[in-house]
Amino acid sequence: MEIRIETASYNQRRYGKPWIAIVDFSESTKGDFSWGDWTGDHYNGGEGVLSINATPGDIIAKGQKDNRQPKNSAPDFFVVAPNGKLDPLGDKGAAYKYYLEHKDAAPNLDSLRQERATLLARIAEIDAIINA
């Protein structure tokens, strides 16, 4: 499922571009970041949209670098709920603890079935467009 988060305008001289990533703690306690996209106007600090493809249970980090106060640049961590909502986890330590608690958990079959139905519906929609 695609996660989209709208971002507000900002002072581009002070702040870097907003970012979003899926964090995988399976290989490293530091986490491997798979980056998403931000679409917006960085030159003028305009509003934009963060987007990333994620599945329920994925750990998401989002942030924005503060060039004047780097200590304020720490990202926020979330887990993707089955309905696509982002539930806050807190800091990186809390995200890693969440990973450890849930890494061996059985997959949520209801959310997998829901995701499968969504994908099959999208494939049927694409087939209809192609065959029209």
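These numbers come from a predicted model, not from an experiment.

Along the protein chain, the regular secondary structure elements total two helices and eight strands. Order of helices (α) and strands (β) in the protein chain, N terminus to C terminus: β-β-β-β-β-β-β-β-α-α. Each of the three principal axes of the protein chain carries a C-alpha extent, and together these read 50 × 45 × 20 Å. Residues classed as buried in the protein chain amount to 29% of the 132 residues present. Summarising the internal contacts of the protein chain: among those between residues at least 6 apart in sequence, 57% fall at separations of at least 24. Here the protein chain displays about 8900 Å² of accessible surface, and carbon together with sulfur accounts for 50% of that area. Taken as two groups, the 16 positive and 19 negative side-chain charges of the protein chain have centres that lie 8 Å from each other.

Okay, the sheet that holds strand 1 (residues 2–7) next. Within a sheet, each strand pairs with its neighbour through backbone hydrogen bonds, oriented either parallel or antiparallel. The three strands lie next to each other as 1-5-4, forming an open sheet whose pairing is antiparallel. Single-partner strands in this sheet number two, and they are strand 1 and strand 4 (37–40). Geometrically, the sheet is characterised by an average inter-axis angle of 20 degrees between neighbouring strands, direction not taken into account.

Of all the residues in helix 1 (residues 92–102), the buried ones are Ala-95, Tyr-98 and Tyr-99. Along the long axis of helix 1, the arc covered by the buried residues comes to 100 degrees, so they all point the same way. Of the residues in helix 1, the exposed ones pointing more than 90 degrees away from the buried face are Lys-97 and Glu-101. Looking at the buried side of helix 1, the elements it contacts are strand 6 (59–63), strand 7 (76–80) and strand 8 (86–90). The backbone nitrogen of Gly-93 has a side-chain oxygen 3.3 Å away, supplied by the residue at the start of helix 1, namely Asp-91.

A few words now on the pairing of strand 1. Here strand 1 shows a clear split, with Ile-3, Ile-5 and Thr-7 buried on one side and none of Glu-2, Arg-4 and Glu-6 buried on the other. As judged from the six bridges shared by strand 1 and strand 5 (residues 48–53), these two strands associate in the antiparallel manner. Looking at the pairing, Glu-6 lines up with Val-49 of strand 5.

On to the pattern of salt bridges, then. Under the defined criterion, the tally for this structure stands at four salt bridges. Arg-4 is the partner of Glu-2 in a salt bridge, and the nearest nitrogen-oxygen pair spans 3.1 Å. We classify Glu-2 as partly exposed; its relative accessible area is 41%. The salt bridge partner of Arg-122 is Glu-125, with a shortest N-O separation of 2.6 Å. Placement of the pair is Arg-122 and Glu-125 together in helix 2 (residues 109–131), with a separation of three residues, close to one helical turn. Owing to a relative accessible area of 43%, Arg-122 belongs among the partly exposed residues under this scheme.

Across four bridges, strand 7 lies against strand 8 in antiparallel orientation. Of the residues in strand 8, the one forming a bridge with Val-79 is Asp-87.

Generally speaking, soluble globular proteins have nonpolar side chains that are buried together. Counting residues in hydrophobic clusters, the biggest one holds 13 residues, and the most contacted among them are Ile-3, Ile-60 and Leu-86. Taken together, the elements giving at least two residues each to this core come down to strand 1, strand 2 (19–24), strand 5 and strand 7. Ala-61, Val-79, Tyr-98 and Tyr-99 belong to the second-largest nonpolar core, a separate cluster that totals nine residues.

Cut-offs and rules
Residues numbered from 1 in each chain as written. Predicted model: local features only at pLDDT ≥ 70, side-chain atom pairs only at ≥ 80, totals over all residues. Heavy atoms only, no water. Helix = DSSP H or I, 4+ residues; strand = E, 2+ residues; numbered from the N terminus. Buried < 20%, exposed > 50% of the residue type's maximum accessible area, 1.4 Å probe, protein only. Contact = heavy atoms within 4.5 Å. Areas by Shrake-Rupley, 256 points an atom, 1.4 Å probe, with all protein chains shown as cover. Lys, Arg positive; Asp, Glu negative; His and termini not counted. Charge placed at Lys NZ, Arg CZ, Asp CG, Glu CD. Pairing = 2+ DSSP bridges. Axes fitted to C-alpha atoms, helices over the stretch in contact; angles between N-to-C directions. Arc of directions from axis to C-beta. Polar contact = N/O pair within 3.5 Å; in protein donor to acceptor, adjacent residues only side chain to side chain. Salt bridge = Lys/Arg side-chain N within 4 Å of Asp/Glu carboxyl O. Core = buried A, V, L, I, M, F, W, Y, C linked by side-chain atoms within 4.5 Å.

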